[in-house]
Amino acid sequence: MEFDPAAADLSLASLFAGWALADELQRRLAAEGFEDSRFSDGVVFQHLVAGPVTISTLAEQLGVTQEAASTTVADLWIRRYVNRRPDPSDARARQVVLTDRGEAIIAAARRHRAAIDAELRKALGDDAVEQTRLLLVDVIDRLGAGPSSRARAIRPPA
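Residues numbered from 1 in each chain as written. Predicted model: local features only at pLDDT ≥ 70, side-chain atom pairs only at ≥ 80, totals over all residues. Heavy atoms only, no water.

### Describing helix α1 (residues 10-31)
Here is step 1: Compared with an ideal rise of 1.5 Å per residue, which puts 22 residues at 32 Å, α1 spans 31 Å between its outermost C-alpha atoms and is within 8% of the ideal.
Here is step 2: Among the residues of α1, those classed as buried are Ala-22, Leu-25, Arg-28 and Leu-29. In an axial view of α1, the angular spread of the buried residues amounts to 125 degrees, which keeps them on one side of the axis. Facing away from the buried side of α1 by more than 90 degrees, the exposed set consists of Trp-19, Asp-23 and Ala-31. (Helix = DSSP H or I, 4+ residues; strand = E, 2+ residues; numbered from the N terminus. Expected span 1.5 Å × (residues − 1). Buried < 20%, exposed > 50% of the residue type's maximum accessible area, 1.4 Å probe, protein only. Arc of directions from axis to C-beta.)

Written out as structure tokens, the structure reads:
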């Protein structure tokens, strides 16, 4: 049985719209040379934009074990998005830091998100897009996710 997106409730419509936006962003990043990027990379990058963090801090921020964070960091290192280095304040700890490639994908993602926004505003109208954006921000706040959004502690649902 075929599903009509026009029949979706707010939860599904916003979820599907988010997925469509994420897919378009990934398509554009791949076209720019970041074909190995994944949506989940952004979940980690949000914790690295302010500067280096230790793997244990990253694990805590992601809500995962230190082993899971280490595995994720190793994968990002293989793809050249991060480096690992000794923590200057604790010789036993390792810091994770964005590489130039990591910084470049973040800049590219920001640029492409802005372009997608501009394209939607042109196609659908500034007022419609802005009202939708504000509605979604209100939903985020009403459901209690505002503080985690502002703290860059957003994780996909479990």
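### Section: the sheet that holds strand β2 (residues 82-87)
Here is step 1: Reading across the sheet, the three strands line up as β1-β3-β2 and stay open at both edges, with antiparallel pairing between neighbours. Of all strands in the sheet, those with a lone pairing partner are β1 (53-54) and β2, marking the two edges.
Here is step 2: Two strands pair when backbone bridges link them, and β1 and strand β3 (residues 90-98) are joined in this way by two bridges, in the antiparallel orientation. When the bridges of β3 are listed, Val-53 appears paired with Val-96. (Pairing = 2+ DSSP bridges.)

### A few points about unusual backbone geometry
Here is step 1: Phi is positive for Arg-80, close to 70 degrees, though the residue is something other than glycine.
Here is step 2: Here Arg-80 shows up in the loop between α4 (66-78) and β2.
Here is step 3: Relative accessible area serves as the criterion here: at 53%, Arg-80 is assigned to the exposed category.

### Looking at the packing of aromatic side chains
Here is step 1: Under the criterion given, the structure shown has four aromatic pairs.
Here is step 2: Relative to Phe-16, the ring of Phe-3 lies with its centre 5.9 Å away and its plane at 85 degrees, an arrangement referred to as edge-to-face. Note that Phe-3 is positioned in the segment before α1 and Phe-16 in helix α1, a separation of 13 residues in sequence.
Here is step 3: By relative accessible area, Phe-3 is classed as partly exposed at 43%.
Here is step 4: Classification of Phe-16 as partly exposed rests on a relative accessible area of 31%.
Here is step 5: Ring geometry for Phe-34 against Tyr-81: centres 6.4 Å apart, planes inclined by 35 degrees, an arrangement best described as tilted. In this pair, Phe-34 is assigned in the loop between α1 and α2 (39-45) and Tyr-81 in the loop between α4 and β2, connecting sequence segments 47 residues apart. (Phe/Tyr/Trp six-rings, centres within 6.5 Å; stacked < 30°, edge-to-face > 60°.)

### Comments concerning the pattern of salt bridges
Here is step 1: Summed over all chains, the structure comprises 14 salt bridges.
Here is step 2: Across the salt bridge formed by Arg-38 and Asp-75, the nearest N and O atoms sit 2.6 Å from each other. Of this pair, Arg-38 sits in the loop between α1 and α2 while Asp-75 sits in helix α4; the two residues are 37 residues apart in sequence, bridging distant segments of the chain.
Here is step 3: The salt bridge partner of Arg-121 is Glu-130, with a shortest N-O separation of 2.7 Å.
Here is step 4: Assessed through its relative accessible area of 23%, Glu-130 is described here as partly exposed. (Salt bridge = Lys/Arg side-chain N within 4 Å of Asp/Glu carboxyl O.)

### Thoughts on the packing of α1 against helix α5 (residues 100-124)
Here is step 1: Two elements in contact, α1 and α5, have axes whose closest approach is 10 Å; the angle formed by their N-to-C orientations is 125 degrees. The angle between α1 and α5 places the two elements in the oblique class. Crossing of α1 over α5 shows right-handed handedness. On α5, the residues that touch Leu-21, Glu-24, Leu-25, Arg-28 and Leu-29 of α1 are Ile-105, Ala-108, Ala-109, His-112, Arg-113, Ala-115, Ile-116, Glu-119 and Leu-120.
Here is step 2: A per-class count over the contact of α1 with α5 returns nine nonpolar, one polar and four charged. (Axes fitted to C-alpha atoms, helices over the stretch in contact; angles between N-to-C directions. Parallel < 35°, antiparallel > 145°, perpendicular 65-115°, else oblique. Left-handed = near helix turned anticlockwise from the far one by under 90°. Contact = heavy atoms within 4.5 Å. Nonpolar A, V, L, I, M, F, W, Y, C, P; charged D, E, K, R; others polar.)

### Details of the pairing of β3
Successive residues of a regular strand alternate their side chains across the two faces of the sheet.
Here is step 1: Bridge count between β2 and β3: six bridges; the pairing is antiparallel. Its bridge partner lying in β3, Val-82 is registered against Leu-98.
Here is step 2: What sits between the antiparallel neighbours β2 and β3 is a turn of two residues.

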